[in-house]
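# Results of the structural survey
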Amino acid sequence: SHRVTRLIVGGNPLYGYSHFNALLDRIMREYFTDERVVRFLLDCEKAGINTFQTNFKERSRRQHPLIRDAGCKMNWVCLADPWDVNPKAGTPQEIQEAILKAVDIAAPAKPIGIAHHGGGTDWLFRAGKLELIKTFIDKAHDLGFPAGISTHNPRVVEAVEEKGWSNDFYMTCFYCVTRQPEDFQKEFGVEPVGETYLACDPSRMCDMIRRVNKTCLAFKILAAGRKCESSQQVREAFEFALKNIKPTDAVIVGMFPLYSDQVS
């Protein structure tokens, strides 16, 4: 029942999730004060973007009423993050319980959809407990919200499609950043240092995106800033994404306008 622009504002920079290093995390958090978050989203809305996506931890819960009071009418897609609720969640049951609680916390703020956190999804998939996500889907639907499943692994999308679950959309990362050291050893015979972005991953996820009928919100199309060395590189990344996802899909892109007008 909602019309969503194919460019959606991503929330990672707003809350210091650079996916690069701790120093950039800190710079992002210091830049994005409450006032700047509000101004940034108003600028996005003025530029024609009508949707943003974030998790809903303490900082975002504090800012949400400020955003609305400032007159921002953008749609909001919520990422239900178990570690916002329980930072120590480490078992499938703890992750499930925390995500369900995150849904309850977000519901009064009226998102247009709620997605199961991708890190949590991939963790449950590795543990052989993907079935626990059905409880999340049912809860979101019972509260009247479209339910999404976020993941960094195309095999998760394939598994969910085979099960025929009633989720309404996916959030699909272009890079499988949740690979574990043993996965790298098995696939490539090496172990990386830190979060690793492989050039072969986007085409694999795009192939899966095109195979499913449900809307997919593709994210990290710029490899968390690694494909931003020039305006031409950014343009090429957007062109690749929009040519390789479906017309009914969208992209979620974070912005950090400290040095340039990234919104425009």
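Parameters and conventions
- Residues numbered from 1 in each chain as written.
- Predicted model: local features only at pLDDT ≥ 70, side-chain atom pairs only at ≥ 80, totals over all residues.
- Heavy atoms only, no water.
- Helix = DSSP H or I, 4+ residues; strand = E, 2+ residues; numbered from the N terminus.
- Rg over C-alpha atoms; globule rule 2.2 N^0.38 Å.
- Buried < 20%, exposed > 50% of the residue type's maximum accessible area, 1.4 Å probe, protein only.
- Contact = heavy atoms within 4.5 Å.
- Areas by Shrake-Rupley, 256 points an atom, 1.4 Å probe, with all protein chains shown as cover.
- Lys, Arg positive; Asp, Glu negative; His and termini not counted.
- Charge placed at Lys NZ, Arg CZ, Asp CG, Glu CD.
- Core = buried A, V, L, I, M, F, W, Y, C linked by side-chain atoms within 4.5 Å.
- Pairing = 2+ DSSP bridges.
- Axes fitted to C-alpha atoms, helices over the stretch in contact; angles between N-to-C directions.
- 1 Å grid on protein atoms, 1.4 Å probe; cavity = no way out; pocket = protein on both sides within 12 Å on 5 of 7 lines; lining within 4 Å.
- Points joined across faces, edges and corners; volume = space filled by probe spheres on them.
- Nonpolar A, V, L, I, M, F, W, Y, C, P; charged D, E, K, R; others polar.
- Polar contact = N/O pair within 3.5 Å; in protein donor to acceptor, adjacent residues only side chain to side chain.

On to the overall build of the protein. A tally of regular secondary structure across the protein gives eleven helices and eight strands. Since a compact globule built from 264 residues should have a radius of gyration of about 18 Å, the 18 Å found for the protein is in line with a globular shape. Dimensions of the protein along its principal axes, counting C-alpha atoms only, are 45 × 45 × 35 Å. Per-residue burial for the protein yields a buried fraction of 50% across its 264 residues. Sequence-distant contacts, at least 24 apart, represent 71% of the contacts inside the protein between residues at least 6 apart. By element, 51% of the accessible surface of the protein is carried by carbon and sulfur atoms, the whole surface being about 13000 Å². Across the protein, the 34 positively charged side chains and the 33 negatively charged ones have centroids separated by 2 Å.

It is worth spelling out the nonpolar core at this point. If you look at the biggest cluster of nonpolar residues, it comprises 68 residues, and the most contacted ones within it are V9, F40, L41, F136 and F174. Residues contacting F136, with those up to four places away along its chain left out, are A80, I99, L100, V103, I114, A115, H116, A147 and G148. Counting twelve residues, the second largest nonpolar core, distinct from the first, contains I8, V77, A115 and L217.

Looking now at the sheet that holds strand β7 (residues 215-219). Backbone hydrogen bonds are what pair the strands of a sheet, in a parallel or an antiparallel way. Ordered in space as β1-β2-β3-β4-β5-β6-β7-β8, the eight strands form a closed barrel in which the pairing is parallel. Going from strand to strand, the sheet's axes swing by 25° on average, the running direction of each strand aside. The pairing of strand β4 (residues 113-116) with strand β5 (residues 147-151) spans three bridges and is parallel. Note on β5: the bridge partner recorded for H116 is I149.

Here we take up empty space enclosed by the protein. Summed over the entire model, instances satisfying the criterion amount to three cavities of 30 Å³ or more. The volume enclosed by the largest cavity comes to roughly 60 Å³. Lining the largest cavity are F56, K57, R61, C78, L79, A80, D81, D84, V85, A102 and I105. Those elements that place two or more of their residues in the lining of the largest cavity are β3 (75-80), α4 (82-85) and α5 (92-106). The biggest single contributor to the lining of the largest cavity is β3, with three residues. Partitioned by chemical class, the residues of the lining of the largest cavity number seven nonpolar, no polar and four charged.

Only a minority of non-glycine residues have a phi that is not negative, and only a minority of peptide bonds are not trans. One non-glycine residue, K110, lies in the positive phi region at around 60°. With respect to the helices, strands and loops of the structure, K110 is situated in the loop between α5 and β4. Among the residues examined, K110 registers a relative accessible area of 67% and is labelled exposed. With a phi angle near 55°, K220 is a residue other than glycine that sits in the positive phi range. Mapping K220 onto the fold places it in the loop between β7 and α11 (231-244). Taking the relative accessible area as the measure of exposure, K220 reaches 11% and is therefore buried.

Take the environment of N55 next. Within the secondary structure layout, N55 lies in the loop between β2 (51-54) and α3 (58-69). Sequence-distant contacts of N55, that is, excluding residues within four places in its chain, are made with Y15, Y17, S60, W76, L79, D81 and D84. Engagement of the side chain of N55 in a polar contact is seen with the side chain of D84, the distance being 3.2 Å.

Below, the discussion takes up the layout of surface pockets. Each pocket or cavity is described by its volume, and for the largest pocket that value is around 1300 Å³. The wall of the largest pocket is formed by 46 residues, among which P13, A224, G225, G254 and M255 lie closest to the centre. Counting residues per element, the ones that place at least two in the lining of the largest pocket are β1 (7-10), α1 (22-31), β2, α6 (118-126), α11 and β8 (250-254). For the lining of the largest pocket, the leading source of residues is β8, giving three residues.

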